[in-house]
Amino acid sequence: PVDENMLVLEPDRVKRLLGFSLSLVISVVMTSLVIYGVAKNQMIAAKLAESGSKNASAIAAVLLSIQIQFWDKLWDYVLVDWLNDLEQHVTLYEADQSRVSKTFVIKFVNAFNAFFYMAYFQPWTDPEGCLGDCKNYLREQIFIVFMTYITFGFMDMILP
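Conventions and cut-offs
Residue indices follow the written sequence of each chain, beginning from 1 at its first position. Confidence filtering applies because this is a predicted model: local features only for residues at pLDDT of at least 70, side-chain atom pairs given and counted only at 80 or more, and all residues used for totals across whole chains, interfaces and linings. The side-chain figures draw on all heavy atoms in the structure; neither hydrogens nor water molecules are used. Only runs of H or I of at least four residues qualify as helices and only runs of E of at least two qualify as strands under DSSP, and these elements are numbered from the N terminus. Expected span of a helix, by definition, is 1.5 Å for each gap between consecutive residues, and there is one gap fewer than residues. Whether a residue is buried, partly exposed or exposed follows from its accessible area with a 1.4 Å probe, protein chains only, as a fraction of its type maximum: under 20%, in between, or over 50%, in that order. In what follows, a contact means two residues having at least one pair of non-hydrogen atoms within 4.5 Å. Whenever a helix is involved, its axis is fitted only over the stretch in contact; in every case the axis is a line through C-alpha atoms, and angles between N-to-C directions fall within 0 to 180 degrees. Any angle that is under 35 degrees is reported as roughly parallel, and any over 145 degrees as roughly antiparallel; angles of 65 to 115 degrees are reported as roughly perpendicular and all others as oblique. Working rule for handedness: look at the near helix, and if it is turned counterclockwise from the far one by less than a right angle, call the crossing left-handed; if clockwise, right-handed. Each residue receives one of three labels: charged for Asp, Glu, Lys and Arg, nonpolar for Ala, Val, Leu, Ile, Met, Phe, Trp, Tyr, Cys and Pro, and polar for the others, Gly being one of them. In this scheme Phe, Tyr and Trp rings, the latter by its six-membered ring, pair at centre separations within 6.5 Å, and the angle between planes marks the pair as stacked below 30 degrees, edge-to-face above 60, and tilted otherwise.

### Topic: helix α4 (residues 134–158)
Here is step 1: Between its first and last C-alpha atoms α4 spans 36 Å; for 25 residues at 1.5 Å apiece the expected length is 36 Å, and the two agree.
Here is step 2: C134, Y137, L138, Q141, I144, V145 and T148 are the residues of α4 that are buried.
Here is step 3: Its buried side turned inward, α4 meets α1 (13–50), α2 (56–86) and α3 (92–125).

### Comments concerning the packing of α2 against α4
Here is step 1: Contact pair α2 / α4: the axes reach a minimum separation of 9 Å and the direction vectors enclose 45 degrees. By the angle class used here, α2 and α4 are oblique. Two packed elements cross with a definite hand, and for α2 against α4 that hand is right-handed. Along its contact with α2, which presents S57, A58, A60, A61, V62, L64, S65, I66, I68, Q69, D72 and K73, the element α4 presents Y137, E140, Q141, I144, V145, T148, Y149, F152 and D156.
Here is step 2: The residue makeup of the contact of α2 with α4, split by class, is 12 nonpolar, 5 polar and 4 charged.

### Topic: the side chain of T148
Here is step 1: With respect to the element layout, T148 can be found in helix α4.
Here is step 2: With relative accessibility at 16%, the residue T148 sits in the buried group.

### Digging into the environment of V90
Here is step 1: Counting through the fold element by element, V90 comes out in the loop between α2 and α3.
Here is step 2: As for V90 and E10, which are separated by 80 residues in sequence, their C-alpha atoms are 6.7 Å apart.

### A few points about the packing of aromatic side chains
Aromatic rings in a pair are described by how distant their centres are and how their planes are angled relative to each other.
Here is step 1: Counted by the stated rule, this structure contains 5 aromatic pairs.
Here is step 2: Ring geometry for F70 versus W71: centroids 5.0 Å apart, planes at 70 degrees, classification edge-to-face.
Here is step 3: On the accessibility criterion, W71 (14% relative accessible area) is buried.
Here is step 4: Aromatic side chains F108 and F112 sit 5.3 Å apart centroid to centroid with 55 degrees between the ring planes, which places their arrangement in the tilted category. Highlighted residues: F108 and F112, both in helix α3, separated by 4 residues, approximately one helical turn.

Shown next, in the form of structure tokens:
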């Protein structure tokens, strides 16, 4: 038996499909831009090393840290809530699950793709880019990125 007094929330199917489609496209574009940024960062580091800069690795690590923070803040403060609203979730649980899954994928790629490249691909594709010692290069990159993460964390605590 159907109760005519019961209200069932249903999203507009066309708008929901468009929202999911746009969310997917924007997420893929952002992920592609993150990967492109890492590649560009590695190219800058290689050019600095070629020109004889002693601090090429440190400069690349700081630029990588800034890049990671930029994409994280853009995702957190601009994109994720807007994309989630476009998807027209009916329940709060469904909206939260969608937000968390998108955020996990984007932040995972953003934070770790550079280090996966340095650890697993750079020793074979560009050993000169890590100055002959890719393990030490990766260690230095992670250390500098970690230190700048701590600095950004303190800035987040101080600034509203």
